[in-house]
Amino acid sequence: MKLTTPPDVVLDRLDALRAQDAPTHGGHVLSYVYDSGEPELDELAAAAVRAMQPVNGLDPTTFGSVAALERDLVAFTRDLLGGDGTVVGTVTSGGTESCLLAVKTARDAWLAARGLAPGSARPRLVLPTTAHAAFQKAAHYFGLELDPVPVGQDGAVAADDLVARLGDDVALAVVSAPAYPHAALDPVADVASAAAAHGVPVHVDACIGGMALPFWPDLPAWDLRVPGVTSLSVDLHKYGYAPKGVSVLLQRGRDRQRGQYFATTRWPGYPVVNPTLLGSRSGGPLAAAWAITQALGRDGFAELAGRARRATLALRQAIEEIDGLRVVGDPVGPLLAVATDDDVAPHRRVDPHRWADATTAHGWVLQAQPAFAQADGTTLPHTTHLTVTPVTEQVLDELVPALRAAADTVRGEPRPEAAALLDPASLTGLTGLTEPSGAPDGAPIDSDTAAGLLAAIGLDASRIGEDGPGVGAMAPLLAAVEALPAPVAERLLVELLARLVEPRP
Ligand SMILES: *Cc1c(COP(=O)(O)O)cnc(C)c1O
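What counts, and where the lines are drawn
- Residues numbered from 1 in each chain as written.
- Predicted model: local features only at pLDDT ≥ 70, side-chain atom pairs only at ≥ 80, totals over all residues.
- Heavy atoms only, no water.
- UniProt positions renumbered as here; feature names shortened; annotations may be inferred.
- Pairing = 2+ DSSP bridges.
- Helix = DSSP H or I, 4+ residues; strand = E, 2+ residues; numbered from the N terminus.
- Axes fitted to C-alpha atoms, helices over the stretch in contact; angles between N-to-C directions.
- Patch = residues over 30% accessible without salt bridge, like charges linked within 9 Å, V, L, I, M, F, W, Y side chains within 5 Å.
- Areas by Shrake-Rupley, 256 points an atom, 1.4 Å probe, with all protein chains shown as cover.
- Salt bridge = Lys/Arg side-chain N within 4 Å of Asp/Glu carboxyl O.
- Parallel < 35°, antiparallel > 145°, perpendicular 65-115°, else oblique.
- Left-handed = near helix turned anticlockwise from the far one by under 90°.
- Contact = heavy atoms within 4.5 Å.
- Nonpolar A, V, L, I, M, F, W, Y, C, P; charged D, E, K, R; others polar.
- Buried < 20%, exposed > 50% of the residue type's maximum accessible area, 1.4 Å probe, protein only.

In the annotation of an unreviewed UniProt entry, the entry for the protein reads Aminotransferase class V-fold PLP-dependent enzyme, and the organism field reads Isoptericola chiayiensis. The Cofactor (unreviewed entry) comment attached to the protein in UniProt states, word for word, "pyridoxal 5'-phosphate". The annotation that UniProt attaches to the protein under Sequence similarities (unreviewed entry) is "Belongs to the group II decarboxylase family. Sphingosine-1-phosphate lyase subfamily."

## Focus on the sheet that holds strand 11 (residues 335-340)
The sheet built from four strands is open, its strands ordered 10-11-15-12 with antiparallel pairing. Looking at strand neighbours, the two that pair on one side only are strand 10 (325-327) and strand 12 (367-369), the edges of this open sheet. On average, each strand axis in the sheet is tilted by 30° relative to the strand beside it, whichever way the strands run.

## A few points about a nonpolar patch on the surface
A cluster of nonpolar residues, Leu-11, Leu-14 and Leu-17, forms a patch on the protein surface that exposes about 290 Å² of accessible area. Along the chain, the position of Leu-17 falls in helix 1 (residues 7-18).

## Let's talk about the packing of helix 4 (residues 95-113) against helix 5 (residues 134-142)
The N-to-C vectors of helix 4 and helix 5 enclose an angle of 45°; their axes lie 9 Å apart at closest approach. Our classification of the angle between helix 4 and helix 5 gives oblique. The two elements helix 4 and helix 5 meet at a crossing, and its hand is right-handed. The segment helix 4 lies against helix 5, with Thr-96, Cys-99, Leu-100, Val-103, Lys-104 and Arg-107 engaging Ala-134, Phe-135, Lys-137, Ala-138, Tyr-141 and Phe-142. Residues belonging to the contact of helix 4 with helix 5 are distributed by class as follows: eight nonpolar, one polar and three charged.

## Overview of the pairing of strand 11
For strand 11, a buried count of six out of six residues is recorded, marking the element as mostly surrounded by other parts of the structure. For strand 10 and strand 11, the ladder comprises three bridges, and the chain directions are antiparallel. Each bridged residue has a counterpart across the sheet, and for Leu-325 the counterpart in strand 11 is Thr-340.

Shown next as structure tokens:
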């Protein structure tokens, strides 16, 4: 047929757009992307995606390959994560979907055990404040009461604090292995044994750690070997090195897991049976993850985890040696968070967000995390997060000097004052919002007001991307995010992202 644009021209346009992205390979972006450092694995994944491109995972009886690949991936992760024959699983589109489904399963089991109709009660979801935001999303979507437990300044939760919240109205307790913000490994065994005594199921969120911690030495038991752990999530698009769109949710007990499914025969179309949130499903990321697990095997993952581990230890030591910075807590796994060392005099302190911005100027992208006020009145410091991948070991010789040089440039500079960025008058009348974006009990912020406020702090969605990847300096943006009431900050960020994809004139 006659095409409007020849394929090579279309692909040139795509290449031009991709050239504006932050680099996905070579370890220059220390979050979001997980580079094994082995190009042949990327080639293999691409070929597997291509082979599965036309398939629809919606119906594994019609496309038997989908079922076969899923069986193999469930078996591989179940063995790796200490599950026995009572553990069953599902491949999902990512960590968020795995976490959502773990919560939905637990909620439905809680309601069924009490003979309650959906929507007639709101059970609690107990979790440390460091649990991934996906669980807030789950509580929001599925009607649970979020019950966050404060953690210590090292980012670690005390088992007793979490156990004290358990009760008959708790549908699920969540622990992480490790938690994303500071890489704390939660006290899985202590929580799980107490929870089992209360009849409360426990989800281990091993989305980030699940393919790496099995190869970390000297860890306490944290996976499905621990009695009382009822489900576990592990992302294959992180340390499984697959393209985005693949995670596994493992659940203990067939009957429990069946509550994860949605099925209906009550419409004039085909009978619908969905194990996940999606209907039609790509077989691509599934096939890529399968191909990588086949090629690497356990030994290959061990080798790659070893590289990430050595790189993490080297970075931890190098950062501890930088005057004015400190690593938060005792990180477990290939990630860590960095805060200001308040033990040194102010002129020697390094602000972690100014440091991240200065590091970006050297060509390395670190992730800024805001300070966080917990329900008990304590505040976790603002930090900068580094996710370390196997390829990092190959580039330490460039990365470490860049981290040092960046610290030297900003040492002694205080954090930007949020008050200087935000005119309090412009916020008058907007602080009645108490719920996250979308469900205000005060006056809702309309799009134009939100865009105006964004412009006031220097963010114009119609210009993002013009000066390179990202939204510009993170230090002032994060200071503003922290200073605003959370519902207002959330509404502004929604506006920013929504305007980003509005067609441009
Ligand atoms: C990445 C991550 C998630 C969410 O996963 P997505 O794949 O980004 O949806 C959940 N929990 C933890 C600990 C994570 O690191």
